[in-house]
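# Residue-level structure breakdown
As a plain string of letters, each chain reads:
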Amino acid sequence: MFALQDFNYAVRLLLKRPGFTALTILVMAVGLGLSIYLFSFLNTMAYKPLPFKDGESLIVIDKSLNGLEYNGGNLEFYNYQVIREQLKGITEHSLYSDTSANVSGRDGARRYNATEADHNLFQMTRTKPILGRDFTVEDTKVGAEDVAVIGYDLWQNHFAGDPQVVNQTIRVDGKTTRVIGVMPEGYFFPRNAEIWLPMRISQEDMVQRNTGSGGGIVHLAPGTSLADINNQLTTIMKRLEQEYPKTNAGIGAHAASFPMSTMGGGSNIFLTSMYVVSVLLLLLASINVGNLLLSRAVERSKETAIRVALGAPRARLVGQMLWESTIICTVGGVVGLLVAAWALEVTESITATFTDDKPFFWWKFGIDSYTVSISLIFVISTILITGLLPAWKNSGADFNAVLRDGTRGALGKKAGRLNRVLVISEVFLSACVLIAACSMVVGTYIANKRDYGADIENVLTAKVRLIEANYNTREKRAQFAKRLHNELENNVGIGDVAIFSALPGEYTWSPTIAVEGTEYINENSYPRANYIVLTPGSLQKIGVQLRSGRYFDSSDDGLEKRTVIITDSFADKYFAGQDPVGKRIRVAEIDGDEPRWLTVVGVVEHTIQGQSFSPSSKTPSIFRSITQAPRFNMSIAMRMKADDAIVIRTLRKVLEQIDPDLPAHLIKTYEEKIARNTAGIGFASKVFLLFAIVALILASSGIYGVMTNTISQRTQEIGVKRALGAEDSHITREFIWAGVKQLLWGVIPGTLAGGSLGYALGLMMSTGTDVLGMVIVSVVTVIAIVVLTATFLPTKRVLMMEPSLALRYE
Amino acid sequence: MSEVLIELKGIKKVFFTEEVETHALSNISLTINQGEYVSISGPSGCGKSTLLSLIGLLDTSTDGNYRLGQHDVSDISKQERARIRNKEIGFIFQSFNLISDLDVEENVELPLTYRKDLTKEQRKNMVREALDKVDMAHRAKHFPSQLSGGQQQRVAVARAIAGNPSIILADEPTGNLDSKNADAVMELLDKLHAEGATICMVTHDPRSAERADRSIEVLDGQVIADQSKQSRTVAA
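Residues numbered from 1 in each chain as written. Chains lettered and ligands numbered in written order. Predicted model: local features only at pLDDT ≥ 70, side-chain atom pairs only at ≥ 80, totals over all residues.

What follows deals with the overall build of chain B. Each helix and strand counted, chain B has eight helices and ten strands in total. C-alpha atoms of chain B, sized along the principal axes, occupy 45 × 45 × 45 Å. The 236 residues of chain B split such that 47% are buried. Expressed as a percentage of contacts within chain B between residues at least 6 apart in sequence, the contacts between residues at least 24 apart total 70%. (Helix = DSSP H or I, 4+ residues; strand = E, 2+ residues; numbered from the N terminus. Buried ≥ 20, exposed ≤ 12 C-beta atoms within 10 Å, placed from the backbone. Contact = placed C-beta atoms within 7 Å.)

The structure is reproduced here in C-alpha cells:
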C-alpha cells in the first residue's frame, strides 16, 4: 500500500505545486503548533508530576470553605490530625505551612519565602540536602534549638556559596538560627520556598482547636486515586461538621496534585475550555487541509479513473492520497513543534509575571516527553483526518462515468453532501471556538476595566511583616504602624501614605460578620466580609470615595475604640433602605480579639479585594483603624513625588531606622501589582484571542474555499438552469438559501456548544449572561457574513459567465 | 406562408483572448420560420454550436441584429433574455444536462418553476403531459442516475417541451447515444415537429440532418449552404 513509488509520486506532486504545498503545510503548522503548545503549556501548569522520584503520587490536602478551595496550608491542625488518622490509601504523610521569614545579615534584612515543615518534608520528595542534613523529629519539638535548612539561592546570595555554611548562624525573624543544611539548586518544594524552618506543634496543639493550620502532603498508595481520597475527605469532613457545627460549619478538605492546587477556583472549567478550543482548532485546520486535498482529488479524478481502469487496487489509491497527507502533516508537525518549542521558551518569562511572588518551581516550559508524544498523536490524527476526505472521494467516484465524461451536468450527490458537511463542520467549529474564545477575551477586558476603588496611578507599594517575637503586644504593632506612616510622609519624595492590612486588589481574610438585630440560625448563615485594618487617613489618601458619614480620624485612635467603616456594597446588602451610620456590626469569627460590637461611622465605595474577575471581587468589605486592631502584615502605598528608586531607598531607610530586622518586600508600583492580578488570565485571554483569530482566518478561508469549490463544480448546473430561463437573482437566492441552511445547521449546535463553554467561562470571570449574549450575537453575525459572502461572490462569478460558457465549463 | 420566427442579420461573434482574436461567426444572416425543422451542420469548430447559443440567447453577438418573433433581442437585458429563454425556447443538450439531485418529475418541472404565472397544479399537469409525450411518465420518481442514456435524453426532451416553447433548440441530441436510442430520440423530434413544433438542431450526423426540412451548413463561421429537403432530394 505504502509503496516507495507512491511516496516519490506524492513528493513529485507536492513539489509541482509549491504554492499549494506551502499553504497546506502552513495551515497544518499553525494548527499543530498552537495545539501542541497549548497542550504542553497546560500539562506543565496543571498536570505534570513534580520532578521528584514518586512525584506522580505526591498530593496536597488543604482546606475548603463552603466549596471554595484554599491552598498554602489552611487546614486546622485538629482537622488534619483526624484526616491523617482516618484516611486510607496513603503510604506517607507530612505537614507544611507556607509563610515568610525576615532574614537579617550584614547587608540588612531581607524577606524570603519560607516553609514551616514537618521533619519528613524532604523525604516526601526523596531529596537530600547537598550540604549538612535535613530535619529530624528532635528539630520539630517545641523548645528545640532554632535551626533552618536554606535553599541554594539563599546560600549563594547570603553566604556567597560558602561551603562551610553548615552550623553558621543567621537571624530569622529576629531569632538566631543555625543553618543545618543546604538544599540543591532548583529545589523550592512545596511551591517557592527559599528557607525551611521546623514546624513545631505540640501534641496538645494537634488535638485542640484554634491552634494553627497547615497543609497535608501525602503519597498515594498504589491503586488509590485522587478521587478516592477526595471521597474519603468529604465523608470525614462531613462527620466533623456534624460533631462540631460551631467550628466546622462549611469547612471541608480537598486533595489535589501540587500544580492543580495552585490553579485556583474554576480551573477545571478553564482547562477544559482551553483543551476543547485547542482540539477544535486542530480539527478546523485539518478540515481545511482535507478540503484542499479534496479539491486536488477532484482535479485529478480523470487520472485516478485511468489508474482504476489500468487495474490499480483501491487500497493503493487511498495509500497514495495518504502519502500526501502524511508528508504535509509531518512537515507541518515538525514546523509546529519547533514553533511551539520557541513559544514555550518565551512563555517561561511571561509566566513569571503571573504571581505576585516567585513563580512555582515546576513552571519549566519546553519540549519534554509529553510534548513529543502529544505531537506524534496529533500528527497521526491529522494525517487520517486530512487523508480520509480525498480517500472517501476517491473510493466513491464513478470512474467509468469520469472516463466517459458523463459527469457533465450537476454535482454528484455524494460530493454535494460532502461539501455541505464540510461547510457545516467549519461553521460549527468556528462558532464554538469563537464564542468560547471571545467570552474569555471580553471577560478579561471587563475584568481589567473594573474599578478596584483606589487611585493606583503613581503609587509605589510594599509589604512589611512584623516579627511576632518582637511585636508581641497590640500596642507595639499599633505604634509601629503609626510611626511608619508618619515618618514616610515626612519625606520629601513621598506624598500621601496609606497603610492597609490589604490594599484594594489584595486578597484578605473574610470572617463571618453579624449585624445587630439580625438573627442567625447557625454558623453557616452569617455573612462574610473582607476585614481590613488601616491607618487613619488611608482610605481618602488612596482615593476610596466617601459615600456617607466620615472617614477615620484621630477620634478613632485607641485600642479600646470600636468604630468601623463599611463599603456601600455592605450597606446595600445588610442595611438596605436604612442609614447605616450609627448601626452596629461585629466580627463573629474569633479574631484573637473579644468579639465586640463595632459602630459604623462611615460608608465608602466598594473596593475589590483580590482579583477583579474572581467571585470574591463582589464581597463587601469593612475597615477598622489599625490603632484599634493592629496586625502583623501590612501593605504600604506611597504616592511618589520623586523617582521610584528614591522612594524605595527612603522606605528602606525609614524601616531600618525603626527596626533593622524588618525588610520591605514585594516592592512594586500599584499599577504593576494590579496588572499581576490579571496577568495569568490576561495571558490565557491572549492565547484565546490568538486561537480566535486563527479560527476566524481558517474558517473564513475554509468556508470560502469549500463554497467556491462547490459552486464551481456546479457551474454547468447553473448554466443549465440559466438556459432553462432561471434569472440570475433566482439562482443567487437559491445558493444563498442553501448557504443559510448550512449556516443554521452549523451555527445552532456551534452556538450551543460554544455558549456552554462561554457560560462556564463567564461564571469563572464573573461576567453576566448579557456579555455572553453579546458575544454570541457578534460571533454569529461575523460567521453569517463569512458564509453569505463565501456564497455570494463565487455565485456572482459564475453568473458573470455567459450561459453558453457555463454549459461547456469543465 | 409561415411567419418568420427567427431573423438573424449580419451576426458576428468574436472571442477575445489575451493574444488571439477568434472569429467564430462572420456575417451570418438567416431566418427560421414558425414550424420549420432546421438542421445546422458542419465540421467541428465551424461555429455551429456558437450559432445555436446565439439563437438560444445563451450568448450575445459581437455585431448584427437578431429578431425573435416580433421583438429585437439583440440588445436586451440579462433578465429579459432569461425570461425569453424560459418561455420561448426549449433546449436539448448532447450530454442531457439533467440535475442529478432532482428526480425526473422535478427536472421536467424545473423551467416551469421559474415562471410566476403558473400554479403548482398547472405545473404538475404540464409535466405529466410532457412526460406522456416522451413516454417517461412511469419513471417520474426516478433519478437521472437510474436511467439509461436514451431515457435521460427523453426526459431532457420532455423538459424542453414542457413549457410549450416557440422553438426547440437541440445541440447534438444524439451525440451521446447509441444508434437505437438515437433513432428513438430523432423519432420523438419528428413527432414533435409533426405536431407543429419549430426545431433547430445542431448535428454532424448526416442521418439526423436528413430528417430536417431544411439543412444549413456552416464552415469557418459562415453559412455556405442553406437547402430545403426538396432541393436536397432534387440535387441527389
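On we go.
Attention now moves to the overall build of chain A. Broken down by element type, chain A carries 25 helices and 23 strands. By its C-alpha atoms, chain A is 100 × 65 × 55 Å across when sized along the principal axes. Looking at chain A as a whole, 48% of its 810 residues qualify as buried.

The next subject is the confidence of the model for chain A. Taken over all residues, the pLDDT of chain A has a mean of 88, while the share at 70 or more is 94%. Here residues 406–411 of chain A is a poorly scored stretch, pLDDT under 50, and it has 24 contacts once near neighbours within four places are set aside; other chains count. (pLDDT = per-residue confidence, 0-100.)

This part takes up the interface of chain B and chain A. Frequently, the measure chosen for interface size is the accessible area removed from exposure when the parts meet. Every contact between the two is made by 22 residues of chain B and, on the other side, 21 residues of chain A. When contributions to the side of chain B that touches chain A are tallied by element, the ones reaching two or more residues are helix 2 (78–88) and helix 3 (104–113) of chain B. Of all the elements, helix 2 of chain B adds the most residues to the side of chain B that touches chain A, at seven residues. Across the side of chain B that touches chain A, the residue classes tally to nine nonpolar, seven polar and six charged. (Nonpolar A, V, L, I, M, F, W, Y, C, P; charged D, E, K, R; others polar.)

Bringing the sheet that holds strand 2 (residues 21–33) of chain B into the picture now. All names here are of chain B. Taken together, the four strands give an open sheet; going across it, the order is 2-1-4-5, and neighbouring strands pair in antiparallel fashion. The sheet is open, and its two borders are formed by strand 2 and strand 5 (71–72), each paired with just one other strand. Where strand 4 (residues 63–68) meets strand 5, two bridges bridge the pair, whose relative direction is antiparallel. Note on strand 5: the bridge partner recorded for Arg-67 is Asp-72. (Pairing = 2+ DSSP bridges.)

Let's shift gears to the nonpolar core. Residue and element names in this part refer to chain A. By size, the foremost hydrophobic cluster in this structure holds 295 residues, and its most contacted members are Ile-195, Leu-281, Val-433, Ala-437, Phe-691 and Ala-695. Looking at this core, the element that brings in the most residues is helix 15 (residues 413–449), giving 18 residues. Not counting chain neighbours up to four residues away, the residues in contact with Val-433 comprise Val-277, Leu-280, Leu-281, Phe-691, Ala-692 and Ala-695. (Core = buried A, V, L, I, M, F, W, Y, C linked by C-beta atoms within 7 Å.)

Moving on, we come to the sheet that holds strand 9 (residues 214–219) of chain B. Whether parallel or antiparallel, the strands of a sheet pair through hydrogen bonds between backbone atoms. Residue and element names in this part refer to chain B. Within the open sheet, the six strands sit side by side as 6-7-8-3-9-10. Their pairing is mixed. At either end of the open sheet lies a strand with only one pairing partner, and these are strand 6 (89–92) and strand 10 (222–228). Direction aside, neighbouring strands of the sheet carry axes that sit 15 degrees apart on average. Looking at chain direction, strand 3 (residues 37–41) and strand 9 are connected through four bridges and run parallel. Each residue of the ladder has a partner; that of Val-38, found in strand 9, is Arg-214. Lying on the sheet, helix 5 (residues 149–161) is in contact with strand 6 and strand 7 (167–171); it crosses strand 6 at an angle near 170 degrees. (Axes fitted to C-alpha atoms, helices over the stretch in contact; angles between N-to-C directions.)

What follows concerns the pairing of strand 3 of chain B. Residues and elements named next belong to chain B. Judged by how many residues are buried, strand 3 sits mostly within the fold: five of five residues are covered. Taking every second residue as pointing to the same face, both faces of strand 3 are buried, with Tyr-37, Ser-39 and Ser-41 on one and Val-38 and Ile-40 on the other. Relative to strand 8 (residues 198–202), strand 3 runs parallel, the two sharing four bridges. If you follow Val-38 over to strand 8, its bridge partner there is Cys-200.

Glancing now at the domain arrangement of chain A. Residue and element names in this part refer to chain A. Domain boundaries in chain A define domain 1 (1–42 + 271–407), domain 2 (72–224), domain 3 (408–450 + 678–810) and domain 4 (468–660). Taken over C-alpha atoms, the centre of domain 3 sits 53 Å from the centre of domain 4. The interface of domain 3 with domain 4 comprises seven residues on the first partner and eight residues on the second. (Domains from an automatic or database assignment.)

All names here are of chain A. Across the junction of Phe-189 and Pro-190, the peptide omega takes the value 5 degrees, indicating a cis bond. With respect to the secondary-structure elements, Pro-190 resides in the loop between strand 9 (175–182) and strand 10 (195–198). One non-glycine residue with positive phi stands out, namely Leu-666, at about 50 degrees.

Residue and element names in this part refer to chain A. Contact pair helix 21 (residues 679–713) / helix 24 (residues 769–800): the axes reach a minimum separation of 9 Å and the direction vectors enclose 35 degrees. Considering how the two elements wind past one another, helix 21 and helix 24 form a crossing that is right-handed. Here helix 21 contributes Ala-699, Ser-700, Ile-703, Tyr-704, Met-707, Thr-708, Ile-711 and Ser-712 to the contact with helix 24, which in turn contributes Val-786, Val-787, Ala-790, Thr-791, Pro-794, Thr-795 and Val-798. Residue classes in the contact of helix 21 with helix 24 are distributed as ten nonpolar, five polar and no charged. (Left-handed = near helix turned anticlockwise from the far one by under 90°.)

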